[in-house]
Amino acid sequence: MCEFCIKHGEGKKWYLQAKNYSDDLLNDIDRRRYIEDFLAKPEHLEREAEQLDSLDKTPKFIRGIVKRLVSRRMKKIHYGQVVPIEELERIFGFVNSVVRIPCICRHITLNQEKRYCYGISIEPNGGKYFEIMRAIDLSYLHGPDSVGLESLSREEALSSIRGHEHEGLCHTIWSFHTPFIGGICNCDRSDCLAMRATVTHATPIMFRAEYVAEVDPGECIGCRECMRVCQFGAIGYSAGTSKAAVDQRFCYGCGVCRSACAQNAIRLEDRAKAPVAAGLW
Ligand code: SF4
Ligand code: SF4
């Protein structure tokens, strides 16, 4: 169980607590202002990505301190967690409104419009969250179908997100001034700034999932499709046995390998029950 579950989930999964998606939390003026700035001024993310790149060149001692400070600050304002598809299905069981928006990270890293991000709310018609999104300057949106917000039904959103999983993308949920949760993203290691920070630069701004993957060697035929899609390099292959195996110390529990396995040889298990991964977030 990650620290947010203890702090913001009353000992249960924090992202399954409906109150964390509610308008009540959005009544906080600072939170509303943060969301407005976050979406209207994406260049701040570009600056932060550049700072992380240059941080890698500083002495190890300074680097360690700065990374801890960045991580602590992000836990308060904008922190994520990897979630497998079945957890998103549970979230969509109580979320009322969904809009699909272009991913800010891809706007910065690829200069392309990629609609991989979803704004979610439990309030009818989106509540205050969507008022905010409608009101801000979405000038980073560009391209022919970028006007306004693209509203989806829960079923449409889930179907679209399942498609992202088949593209090899890893699902994450995001807080905006924790514990309010307002977004679901579909990330990859090269284009997503959060994954780059967390995995490439070892500056965590998202938790791993509450799960880890395990391969059933009795079912595995050694095709290595799972290795191809794992964004975290957590799967190895034994030429001796012709089987794949997950190194759970590196596994983020996204479940994307499971979708790629035609043999259904991969399952997710509770992180808490995996001795090597239980304390890794
Ligand atoms: S995709 Fe499935 S069958 Fe293929 S190597 Fe991975 S676990 Fe084994
Ligand atoms: S091993 Fe599977 S569940 Fe674990 S990080 Fe890789 S793709 Fe995700």
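Remember, predicted model here, so these are calculated numbers, not experimental data. (Residues numbered from 1 in each chain as written. Chains lettered and ligands numbered in written order. Predicted model: local features only at pLDDT ≥ 70, side-chain atom pairs only at ≥ 80, totals over all residues. Heavy atoms only, no water.)

A.B. asks: So what exactly am I meant to see when it comes to the site of ligand 2 here?
C.D. replies: Taken together, Ala 213, Cys 230, Phe 232, Ala 234, Ile 235, Cys 251, Tyr 252, Gly 253, Cys 254, Gly 255 and Cys 257 make up all the residues around ligand 2. Across the shell around ligand 2, the residue classes break down as nine nonpolar, two polar and no charged. (Near = heavy atom within 4 Å. Nonpolar A, V, L, I, M, F, W, Y, C, P; charged D, E, K, R; others polar.)

A.B. asks: I'm lost on the site of ligand 1 in this one. Help?
C.D. replies: Neighbouring ligand 1 are Val 215, Cys 220, Ile 221, Gly 222, Cys 223, Arg 224, Glu 225, Cys 226, Ala 244, Cys 261, Gln 263 and Ile 266. A class-by-class count of the residues in the shell around ligand 1 yields eight nonpolar, two polar and two charged.

A.B. asks: What is the right way to look at the pairing of strand E6 (residues 181-187) in this model?
C.D. replies: Looking along a regular strand, one sees the side chains alternate between the two faces of the sheet. In terms of burial, E6 is a largely internal element, seven of the seven residues being buried. In textbook terms, the turn of a hairpin is the stretch between consecutive antiparallel strands, and for strand E5 (residues 170-175) and E6 this stretch comprises five residues, one of which, His 177, has a positive phi near 55°. (Buried < 20%, exposed > 50% of the residue type's maximum accessible area, 1.4 Å probe, protein only. Helix = DSSP H or I, 4+ residues; strand = E, 2+ residues; numbered from the N terminus. Pairing = 2+ DSSP bridges.)

A.B. asks: Even after reading the chapter, I still don't get the packing of aromatic side chains, so can you show me in this structure?
C.D. replies: Going through the model one piece at a time under the given rule, you end up with 11 aromatic pairs. Between Phe 4 and Phe 207 the ring centres are 4.9 Å apart and the planes differ by 85°, which places this aromatic pair in the edge-to-face class. Of the two residues, Phe 4 is situated in helix H1 (residues 3-8) and Phe 207 in strand E7 (residues 206-207); the sequence distance between them amounts to 203 residues. We classify Phe 4 as buried; its relative accessible area is 1%. Assessed through its relative accessible area of 3%, Phe 207 is described here as buried. Their ring planes at 10° and their centres at 4.1 Å tell us that Phe 232 and Tyr 252 sit as a pair that is stacked. Residue Phe 232 is located in the loop between helix H11 (225-229) and strand E9 (235-238), and its partner Tyr 252 is located in the loop between strand E10 (243-246) and helix H12 (256-260); the two are separated by 20 residues in the primary sequence. As far as burial versus exposure is concerned, Phe 232 and Tyr 252 are alike and both buried. The structure contains a cluster of three or more aromatic residues connected by ring pairs, namely Phe 4, Trp 14, Tyr 79 and Phe 207. The ring of Tyr 237 has Arg 224 lying over it, and the distance from NZ or CZ to the ring centre is 3.9 Å. (Phe/Tyr/Trp six-rings, centres within 6.5 Å; stacked < 30°, edge-to-face > 60°. Lys NZ or Arg CZ within 6 Å of the ring centre and 35° of its normal.)

A.B. asks: Mind showing me how you'd approach the packing of helix H6 (residues 85-92) against helix H9 (residues 154-166) here?
C.D. replies: The geometry of a pair of packed helices is captured by two quantities: the angle between their axes and the separation between those axes. The contact between H6 and H9 brings their axes to 11 Å, and the two run at 165°. By the criterion of interaxial angle, the relationship of H6 to H9 is roughly antiparallel. Crossing handedness for the pair H6 and H9: right-handed. Contacts between H6 and H9 involve Ile 85, Leu 88, Glu 89 and Phe 92 from the former and Arg 154, Ala 157, Leu 158, Ile 161, Arg 162 and Glu 165 from the latter. The residue makeup of the contact of H6 with H9, split by class, is six nonpolar, no polar and four charged. (Axes fitted to C-alpha atoms, helices over the stretch in contact; angles between N-to-C directions. Parallel < 35°, antiparallel > 145°, perpendicular 65-115°, else oblique. Left-handed = near helix turned anticlockwise from the far one by under 90°. Contact = heavy atoms within 4.5 Å.)

A.B. asks: Just checking my understanding: could you explain the pattern of salt bridges for this structure?
C.D. replies: Taken as a whole and assessed by the stated rule, the structure comprises 18 salt bridges. The residue Asp 30 makes a salt bridge to Arg 33 at a minimum N-O spacing of 3.7 Å. Residue Asp 30 and its partner Arg 33 are both found in helix H3 (residues 29-40); the two are separated by three residues, about one turn of the helix. Its relative accessible area of 46% is what places Arg 33 among the partly exposed residues. Residue Arg 267 pairs with Glu 214 through a salt bridge whose shortest N-O separation is 2.9 Å. Of this pair, Arg 267 sits in strand E11 (residues 266-270) while Glu 214 is found in strand E8 (residues 211-215), placing the two residues 53 residues apart along the sequence. You can call Glu 214 partly exposed: its relative accessible area is 30%. One salt-bridge network, in which partners are shared between bridges, spans Arg 100, Glu 113, Arg 115 and Glu 150. (Salt bridge = Lys/Arg side-chain N within 4 Å of Asp/Glu carboxyl O.)

A.B. asks: Would you take a moment to explain the sheet that holds E7 for this structure?
C.D. replies: If you walk across this open sheet you meet the seven strands as E4-E2-E3-E6-E5-E1-E7, and the pairing is mixed. This sheet does not close on itself; its edge strands, each paired only once, are strand E4 (150-152) and E7. Two elements, strand E2 (residues 97-101) and E4, share three bridges in a ladder whose sense is antiparallel. Looking across to E4, one finds that Val 98 is bridged to Leu 152.

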